[in-house]
Structure formats: structure tokens, C-alpha cells
Amino acid sequence: MDYNIIEKDNKIIIENVSDFEPKHIFECGQCFRWNEEDDGSYTGVAHEKVINVKKEENNIILSNTNREDFNNIWYEYFDLDRDYKAIKEELSRDEVLKKSTDFGYGIRILNQDPWEILISFIISANNRIPRIKAAIELLSEKYGEYIEEYNGKKYYSFPKPEDITEKSVEDIKNCKTGFRARYIVNAADIVASGQMDIYAIKNLTTEDARKELMLFSGVGPKVSDCIMLFSMDKYDAFPIDVWVKRVMEYFYLDEDTKLKDIQKYAQNKFGKYAGFAQQYLFYYARELNLKKNG
Ligand code: 8HG
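Note that the coordinates shown come from a computational prediction; the quantities given were computed from them, not determined experimentally.

K.L.:
Explanation requested: the packing of helix α6 (residues 129–143) against helix α8 (residues 169–177) in the structure shown.
P.N.:
A pair of packed helices can be characterised by two numbers: the angle between their axes and the separation between those axes. Two elements in contact, α6 and α8, have axes separated by 8 Å at closest approach and are oriented at 135°. Taken together, the axis directions place α6 and α8 in an arrangement best described as oblique. Facing Arg-131, Ala-135, Leu-138, Leu-139, Lys-142 and Tyr-143 of α6, the residues of α8 in contact are Asp-171, Ile-172, Asn-174, Cys-175, Lys-176 and Thr-177. For the contact of α6 with α8, the per-class residue count stands at six nonpolar, two polar and four charged.

See the structure below:
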């Protein structure tokens, strides 16, 4: 995609970007390390760097970065090469997706790190977003690397597998991870020892990648689909959590439809765009606080 990029004072300005709304991107459920600042911008950590994202009129301003990092990291991270307008147009042929994409019009699926997303979504099982964020922050503060202070706050990278293998289950539990602590230590052991190459899984088909990911303790179908969608370019993945189940049953299917049948229905209906559809639906359902039976 063609963008007009300006570099100025440790900032990158992307001019006239459509389909990019920081609130939608950072609050649609796909990431846990981005927080809103008083001025409505968002600061986050990725790739061991701290960056701030702000929208001003039709421009996106990335602060605390430069053109080299924009080209090497952020262009891909923010999925800037993808035409979200075309995706929304295609999905909008369905009435519910029309409403969902109108609501979350600025969502983009971030390309995040597979190891970080594996652990983040192991933590997400039976958990709520504020608690997931708190656990990830604690893990990073205690076992990640200090990066820098930005806007009065200290930032730390997400710990590497080797940073966790040295720790006891009890240490990890102390980061508000609860019963998931032993899954986290176990995953770190598997990845650090080279038993599983988490970065090679994206080369498999969606079906095979799902099977491989489910070999980790604490990874079921939902968690595996989140990992594939948010860090492995598997846009046909369709993670079904409580909210997606509710929204699918509310608009399309009978109550108490089996997860496998919801999955099949979504795959047929949305095909290669299932993952995008899921994200618009997840955001729409949560923000509207869609309850069972309306
Ligand atoms: O983006 C998400 N999609 C789906 N389907 N589920 C998600 C996303 N993000 C997220 O945290 N979850 C799950 O929802 C994890 C957890 O079970 C619950 C948090 O509200």
C-alpha cells in the first residue's frame, strides 16, 4: 500500500491513513501491552521497543521511533500492507458484519510475536482482560529486560523462554497467573530446549498448526486459534470464546450450538476472512455488552 511517510523529531507521521483507529486496534482483544494515555494516544511495548501511537485527523503519529524501525518493524506489526477497506466491503455483505465493521471500522490485526502470544493466551484462559494485562505486566517487570522510561513510566520487554525456565512454578504464580503458572513454565521448557520451534509453526497449514499448538498444556482450540490469528498469519482461524459464542448464537444459530458446529458455520460463511470477522464480532459483542437472549 502507498503511504506518505514523514520522519520528524523521533516521530513517524503516516499521512491520510484510513482504516486505522488506535482505540479499536488496541482494545479489540488481540493485545495486552498497550495502554491509553491522558491525551487519548496509546503506548505499548513490542520488539523490545516502546512506542506511542496517536491519531490526529487522518494522520497516524508514531512517537519514539524512526524510519528504520518503521520500515523494519512497525509497517509489518501494524499490518499496513493489507487493504482493510476491501475486507470490510466483502464482509459487509452480511448484515451483522456490516454493523460490526461500522462499529470497529479501525481494527487491524497486529502481527505479534508467537512466543509472547502463546504465553499471553495461556494466561487468558478463564480470565478477564484487566487481570490478563496485570499478569503480563508483572511477568515482564520481574523477568523481562528494562527498556526505558517513557512519559514517566518504566517499560520492560516480555521475558524470553530462557528467562522463565530458571524460575519455579511458585515464582510464576506470584505474577498473578494462578493455575496457569505450570503451563507457562512447561511451555518455556519446551521452547527453550528446542523441542518445539514456535516460529516454524506458521509454515504449517492451519489444521496442522492447531494440532501442534494444542500439544502445549493449557492450549485448547480457542487459545490455539488466538495464537494462529494474532501471531502466525492464519486469518482463517476463528477463536470462539464466550463473547463470540454469544454473538454467533444470538445472530445466526440456535442457543447451545456445539463449538465444533459454530466453527464449521463460521468457516463456511466467512472463509479466508473468518479471523477478521471474528475480531469485528468480538469487539462489537463486548462493547455492546451483548447478553444471552438480548
Ligand atoms: O480477540 C479475542 N478473540 C476471542 N475470540 N477471544 C479473546 C480475544 N481476546 C481475549 O482476551 N479473548 C478471550 O476472552 C480470552 C478470555 O477467555 C476472554 C477474556 O475476556
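K.L.:
Looking at this model, I keep getting lost on the packing of aromatic side chains. Mind explaining?
P.N.:
Remark: the centre distance and the inter-plane angle together describe each pair of aromatic rings, the angle taken between the planes. Counted under the stated rule, the structure contains 24 aromatic pairs. Note on Trp-34 and Tyr-77: the rings are 6.3 Å apart at their centroids and 35° apart in plane angle, and the pair reads as tilted. Separated by 43 residues along the polypeptide, Trp-34 in strand β3 (residues 34–36) and Tyr-77 in helix α2 (residues 67–77) bring together distant segments of the chain. For Trp-34, a relative accessible area of 3% puts it in the buried group. Relative to Phe-270, the ring of Tyr-252 has its centre 6.3 Å away and its plane inclined at 75°; by these criteria the two rings are edge-to-face. On the criterion of sequence distance, the pair formed by Tyr-252 in the loop between α12 (242–251) and α13 (259–270) and Phe-270 in helix α13 is long-range, its members being 18 residues apart. Ring pairs connect the aromatic residues Phe-20, Phe-26, Trp-34, Tyr-42, Trp-74, Tyr-77 and Phe-78, which therefore count as one cluster. In this structure, Arg-246 packs its charged tip against the face of Trp-243, placed 4.9 Å from the ring centre.

K.L.:
Sorry, what's going on with the nonpolar core here?
P.N.:
The nonpolar side chains of a soluble globular protein tend to be buried with one another. By size, the foremost hydrophobic cluster in this structure holds 70 residues, and its most contacted members are Leu-118, Ile-119, Phe-216, Met-248 and Phe-270. Those residues in contact with Leu-118, other than ones at most four positions away along the chain, are Ala-187, Val-191, Ile-198, Phe-216, Val-219 and Ile-227. Core analysis: the second largest hydrophobic core is formed by 23 residues, Ile-14, Ile-51, Val-53 and Phe-78 among them.

K.L.:
Please explain the pairing of strand β2 (residues 11–15) as it appears in this structure.
P.N.:
Two faces make up the sheet, and in a regular strand the side chains alternate between them. Inspection of the sheet shows strand β1 (residues 4–8) paired to β2 by five bridges, in the antiparallel sense. Looking at the pairing, Glu-7 lines up with Ile-12 of β2. Bridge count for β2 against strand β6 (residues 59–63) is four bridges, and the pairing is antiparallel. Counted as the bridge partner of Ile-12 is Leu-62 from β6.

K.L.:
Explanation requested: the site of the ligand in the structure shown.
P.N.:
The ligand sits among 17 residues. The nearest are Gly-29, Lys-222, Asp-241, Gln-278 and Gln-279. Contact between the ligand and Lys-222: an oxygen atom at 2.7 Å from a side-chain N or O atom of the residue. Interatomic distance of 3.4 Å between a side-chain N/O atom of Arg-286 and an oxygen atom of the ligand. For the ligand, whose free accessible area comes to 420 Å², the fraction covered by protein is 94%. The set of elements that each furnish at least two residues to the shell around the ligand consists of α5 (114–124), α11 (221–231) and α14 (274–287). Per-element accounting of the shell around the ligand gives the leading share, four residues, to α14. Of the residues that constitute the shell around the ligand, the class distribution is eight nonpolar, six polar and three charged.

The rules behind these values
- Each residue is numbered by its place in its chain's sequence as written, counting from 1.
- Local features in this predicted model are restricted to residues of pLDDT 70 or higher, and side-chain atom pairs are both shown and tallied only at a pLDDT of 80 or more, whereas totals for entire chains, interfaces and linings draw on every residue.
- Only heavy atoms go into the side-chain values, all of them from the structure, while hydrogens and water stay out.
- Between N-to-C directions, angles cover 0 to 180 degrees, with each direction set by a line fitted to C-alpha atoms, over the stretch in contact for helices.
- Numbering of helices and strands runs from the N terminus, with a helix taken as a DSSP run of H or I at least four residues long and a strand as a DSSP run of E at least two residues long.
- An angle counts as roughly parallel when it lies under 35 degrees, as roughly antiparallel when it exceeds 145, as roughly perpendicular when it falls between 65 and 115, and as oblique in every other case.
- Contact criterion: two residues are considered in contact whenever any of their non-hydrogen atoms come within 4.5 Å of each other.
- Side-chain classes follow a simple rule in which Ala, Val, Leu, Ile, Met, Phe, Trp, Tyr, Cys and Pro form the nonpolar group, Asp, Glu, Lys and Arg form the charged group, and the remainder, Gly included, forms the polar group.
- Ring geometry is summarised as follows: Phe, Tyr and Trp rings, the Trp one being its six-membered ring, pair when their centres sit within 6.5 Å, and such pairs are stacked at plane angles under 30 degrees, edge-to-face over 60 and tilted between the two.
- In this scheme, a residue with accessible area under 20% of its type's maximum is buried, one over 50% is exposed, and one in between is partly exposed, where area comes from a 1.4 Å probe on protein chains only.
- Two conditions define a charge sitting above a ring: the NZ of Lys or the CZ of Arg must be within 6 Å of the ring centre, and it must be within 35 degrees of the ring normal.
- We call a set of buried residues a nonpolar core when its members are Ala, Val, Leu, Ile, Met, Phe, Trp, Tyr or Cys and they connect through side-chain atoms within 4.5 Å of each other.
- Pairs of strands are assigned from DSSP output, requiring at least two bridges between the strands.
- A molecule or strand has a residue near it when one of that residue's heavy atoms lies within 4 Å.
- Side-chain atoms alone can form a polar contact between residues adjacent in sequence; in general such a contact is a pair of N or O atoms within 3.5 Å, and within protein one must be able to donate a hydrogen while the other accepts it.
- Accessibility throughout is a Shrake-Rupley quantity obtained with a 1.4 Å probe, and a residue counts as covered only by protein chains that appear here.

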